[in-house]
Amino acid sequence: MTSHDHAIEAAELRRRYAGGFEAVTGITFSVPYGEIFALLGTNGAGKTSTVELLEGLAPPSGGRVRVLGHDPYRDRATVRPRIGVMLQEGGFPSDLTAAETVRMWAGCTSGARPTGEALDMVGLGARARVRVKQLSGGERRRLDLALALLGRPEVLFLDEPTTGLDAEGRRDTWDLVRALRDTGTTVLLTTHYLEEAEALADRLAIMHGGRIVASGTPAEVTASRPARIRFDLPAGVPAGRLPLALRAAQYGGRRVEVRTHELQDALTELLLWARDQGVRLDGLDARSASLEEAFLEIARSPAGAETRTGTVGV
C-alpha cells in the first residue's frame, strides 16, 4: 500500500476524546484513486470521527492517515484546495440567493468553477436567483453539493448527500457522483441509505464499536449472509414434511422461512419436492441477502465482534 496508489490511506487509525473514550480503535483501510468508497455504521460507530480525521479537522490520537499523499492535518494548506467536503448541514446566510452563495464561496476557493456551471451540475440553474431561505430542504442539500464541487476536487467527502431529496433528486445525485468517479474523482461517502451505498459504492466498510467489522465490495459483504426463501404451506401440510436439507423454520402459522447459503440448490430442491408432492407454495419469495440485512445483523451484534469479509485496500 503506497500513497502513489491510493488517494486515502488510514493505518491503525485511532481517535481518543477527553475523558479517555476511544471512538476509533485502530482501523486500517485505503481508497484507490477514482473509486467510490462508502463508510457505514450505526450512530456512535465511529464513522464521523474517522471522516473528520481524513478531512484534517483533527489530528489522530494514534496511527497514520494520508490524503493525496499528505497528512491532512499537518499539511492542511496543501490538501484543502484539492478536496471537497459536503457536510450534513451547510448553514448558509438565508438572505443570499443561491448564485450569491456560490459566488461568495468561490471567493475563498482556488480555481473555482463558474457559478452557473456549479449550479447546473446539481440541477439548481433555474433557481439561481432564489434566496436560500426560500429553497426547499432538498434544494439546500443540492447547494451544499455545488459548493463541495466548486474547486474541482480530486477527493470528495460526502456526508449523507441525499438526505431530504426526493426520489428523482436522489437518482440525479447518484448519476452525478458516478460521473465524477468516471472522470477520476475519488469519493468517500457516508450514508444511512443502504440502498444508496449498494448502488454507488465500488467498495465499502461497516464500522461497529470503533472498528471495521465488515469490508469489501457490496456483493462480498452480502454474500457472507444467507439467502432466504419464504412461502405458505397449504392447510394440512406440516413443515415437518419438507426435506430435512432445507432446515425450515416455521413461523406465523403456515408461513415458512428457509435460510441458506446455496439459494439455487435449495430452491430447486423445494420446487421439485412441491411438484412431486402436489403442493402449492403460495406467497413464494426467494432472494439473496441484502446489504440492509448484513448491516442490521452487524448492528445487533456485540461491539467488537469481527465479521470481516473481502479486503479493504488491496
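Peer 1: What should I look at first to understand the sheet that holds strand 1 (residues 6-16) in this one?
Peer 2: To summarise the sheet geometry, strands pair through backbone hydrogen bonds and adopt either a parallel or an antiparallel arrangement. Taken in spatial order, the three strands make up an open sheet running 2-1-4, and their pairing is antiparallel. Lying at the two open borders of the sheet, with one neighbouring strand each, are strand 2 (22-32) and strand 4 (62-67). Sheet twist, expressed as the mean angle between neighbouring strand axes with direction ignored, is 15°. Inspection of the sheet shows strand 1 paired to strand 4 by five bridges, in the antiparallel sense. Bridging across to strand 4, R14 finds its partner in G62.

Peer 1: When you look at the environment of A235 in this model, what are you seeing that I'm missing?
Peer 2: Relative to the helices and strands, A235 resides in the loop between strand 10 (227-232) and strand 11 (249-250). We classify A235 as exposed; its relative accessible area is 68%. Residues A235 and R254, 19 residues apart in the sequence, show an inter-C-alpha distance of 7.3 Å.

Peer 1: What exactly am I supposed to notice about helix 3 (residues 98-106) here?
Peer 2: Residues spaced three or four apart along an α-helix face the same direction, because each turn holds 3.6 residues. For helix 3, every residue scored as buried is listed here: A98, A99, T101 and V102. All buried residues of helix 3 fall inside an arc of 160° around its axis, so they share one side.

Peer 1: Help me out: how do you make sense of the nonpolar core in this one?
Peer 2: Across soluble globular proteins, nonpolar side chains show a tendency to be buried alongside one another. Counting residues in hydrophobic clusters, the biggest one holds 44 residues, and the most contacted among them are L40, L119, L143, L158, L204, I206 and L291. Element by element, the count of residues in this core is highest for helix 5 (residues 137-149), at six residues. Ignoring sequence-local partners within four residues, the contact set of L143 consists of F92, A98, T101, V102, L119, L124, V132 and L135. Core analysis: the next-biggest nonpolar cluster, separate from the first, contains 27 residues, V31, V65, V79 and I212 among them.

Peer 1: Any chance you could explain the sheet that holds strand 8 (residues 203-208) here in plain terms?
Peer 2: Spatially, the six strands line up as an open sheet ordered 5-6-7-3-8-9, and their pairing is mixed. Each having just a single partner strand, strand 5 (83-86) and strand 9 (211-216) make up the two edges of the open sheet. Strand-to-strand twist across the sheet, computed as the mean angle between neighbouring axes with direction ignored, equals 15°. Judged from the four bridges that link them, strand 5 and strand 6 (residues 155-159) form a sheet pairing that is parallel. Opposite G84, over in strand 6, you have L156 as the bridge partner. Relative to strand 3 (residues 36-41), helix 1 (residues 47-54) is tilted by about 140°, and along the sheet it contacts strand 3, strand 6, strand 7 (186-190) and strand 8. Set on the sheet, helix 5 makes contact with strand 5 and strand 6; between it and strand 5 the angle comes to about 165°.

Peer 1: So what exactly am I meant to see when it comes to the pairing of strand 3 here?
Peer 2: Within a regular beta strand, the side chains point alternately toward one face of the sheet and then the other, so they alternate between its two faces. Burial analysis of strand 3 places six of its six residues in the buried class, which makes it a mostly covered element. Burial along strand 3 is two-sided: the residues I36, A38 and L40 and F37, L39 and G41 are all buried. In terms of strand pairing, strand 3 meets strand 7 through three bridges, oriented parallel. Across the sheet, A38 pairs through a bridge with L189, a residue of strand 7. Sheet topology note: the strand 3/strand 8 ladder contains five bridges and is parallel. Bridge pairing in strand 8 places A38 opposite L204.

Peer 1: Teacher, can you tell me more about the environment of A118 here?
Peer 2: With respect to the helices, strands and loops of the structure, A118 is situated in helix 4 (residues 115-121). Beyond its immediate chain neighbours, meaning those up to four positions away, A118 contacts V102, A146 and L150.

Peer 1: What is the right way to look at the packing of helix 5 against helix 6 (residues 167-182) in this model?
Peer 2: When two helices pack together, their arrangement is captured by the angle between the axes and the distance separating the axes. Relative to each other, helix 5 and helix 6 sit at 10°, their axes nearing to 12 Å. Taken together, the axes of helix 5 and helix 6 lie roughly parallel to each other. Between helix 5 and helix 6, the contacting residues are R142, L145 and L149 on the first element and G169, T173, L176 and L180 on the second. Partitioned by chemical class, the residues of the contact of helix 5 with helix 6 number four nonpolar, two polar and one charged.

Peer 1: Looking at this structure, I do not really get unusual backbone geometry. What am I missing?
Peer 2: What is expected of a backbone is that most residues other than glycine have negative phi and most peptide bonds are trans. For L68, which is not a glycine, the phi torsion comes out positive at approximately 55°. Summarising the element assignment, L68 is placed in the loop between strand 4 and helix 2 (76-79). Judged by relative accessible area, L68 falls into the buried class, the value being 6%. The residue R152 is not glycine, and still its phi comes out positive at about 50°. By secondary structure assignment, the location of R152 is in the loop between helix 5 and strand 6.

Calculation criteria
Residues numbered from 1 in each chain as written. Predicted model: local features only at pLDDT ≥ 70, side-chain atom pairs only at ≥ 80, totals over all residues. Heavy atoms only, no water. Pairing = 2+ DSSP bridges. Helix = DSSP H or I, 4+ residues; strand = E, 2+ residues; numbered from the N terminus. Axes fitted to C-alpha atoms, helices over the stretch in contact; angles between N-to-C directions. Buried < 20%, exposed > 50% of the residue type's maximum accessible area, 1.4 Å probe, protein only. Arc of directions from axis to C-beta. Core = buried A, V, L, I, M, F, W, Y, C linked by side-chain atoms within 4.5 Å. Contact = heavy atoms within 4.5 Å. Parallel < 35°, antiparallel > 145°, perpendicular 65-115°, else oblique. Nonpolar A, V, L, I, M, F, W, Y, C, P; charged D, E, K, R; others polar.

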